[in-house]
Amino acid sequence: MTLEQLLLELGINLSSSVIYDVVKGFFTKEKTAYTKEELTTEISSRLNIENASIKANNIIDFLAQNGDINISGSQIYASESITINSSQGTKFTLKNNSTSKTNKSSIETGHVGQIIGQDGAKIEQDRDGNIKLST
């Protein structure tokens, strides 16, 4: 099975820069055959988003369900809402000059600031401009 076939089967668009680095690193290992399960495990165990610009017309929803999400030096924008969630046993980190902006609210971490949530914690920037933190 080719890389493109595996990614399509997982519902991942290869042009997604967020996933590209994880997949690239996975396929630089010394191995000739990969299964869907191996790639799924590698992608879902962690997601490091560094120096990325992520934009959506309406809504962005990050969910750390099977592994951690680390967002560093990145700009996230959605016009209506942005949510960053963690599940039991996972965590998310927003740090190192990252911003999360909607049309009505903004979160900026600054150079040394960071927001960490774990085990069910959530940050939500809703349509009304409210920022909700919950655990």
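Because the structure is predicted, anything quoted here is derived from the model rather than measured.

Novice: Would you mind showing me how to read the nonpolar core here?
Specialist: Within soluble globular proteins, side chains that are nonpolar tend to cluster in buried spots. Ranked by internal contacts, the top residues of the largest apolar core, which has 18 residues, are I49, I54, I60, F62, I69, I71 and I76. Secondary-structure elements contributing two or more residues to this core are strand 1 (46-50), strand 3 (59-64), strand 4 (68-72), strand 5 (75-78), strand 6 (81-86) and strand 7 (91-95). Top contributing element to this core by residue count: strand 3, with three residues. Among all residues touching F62, those that are not within four sequence positions of it are I49, I54, I69, I71, I76, T83, I84 and N85.

Novice: Is there a simple way to explain the pairing of strand 7 in this structure?
Specialist: On a regular strand, one side chain projects to one face of the sheet and the next to the other, so that they alternate. Sheet topology places strand 4 next to strand 7; four bridges connect them, and they run parallel. In the strand pairing of strand 7, N70 is matched with T93. The pairing of strand 7 with strand 10 (residues 114-118) spans five bridges and is classified as antiparallel. Each residue of the ladder has a partner; that of L94, found in strand 10, is I115.

Novice: Which parts of the structure should I look at to understand the sheet that holds strand 9 (residues 106-108)?
Specialist: Hydrogen bonds along the backbone pair up the strands of a sheet, which may run parallel or antiparallel. Ordered in space as 2-5-8-9, the four strands form an open sheet in which the pairing is mixed. Sheet topology places strand 2 (53-56) and strand 9 at the edges, where each strand pairs with a single neighbour. Each strand of the sheet is rotated relative to its neighbour by a mean of 5°, with strand direction disregarded. Sheet topology note: the strand 2/strand 5 ladder contains four bridges and is parallel. Residue pairing in the sheet places A56 in a bridge with A78 of strand 5.

Parameters and conventions
- Residues numbered from 1 in each chain as written.
- Predicted model: local features only at pLDDT ≥ 70, side-chain atom pairs only at ≥ 80, totals over all residues.
- Heavy atoms only, no water.
- Core = buried A, V, L, I, M, F, W, Y, C linked by side-chain atoms within 4.5 Å.
- Buried < 20%, exposed > 50% of the residue type's maximum accessible area, 1.4 Å probe, protein only.
- Helix = DSSP H or I, 4+ residues; strand = E, 2+ residues; numbered from the N terminus.
- Contact = heavy atoms within 4.5 Å.
- Pairing = 2+ DSSP bridges.
- Axes fitted to C-alpha atoms, helices over the stretch in contact; angles between N-to-C directions.

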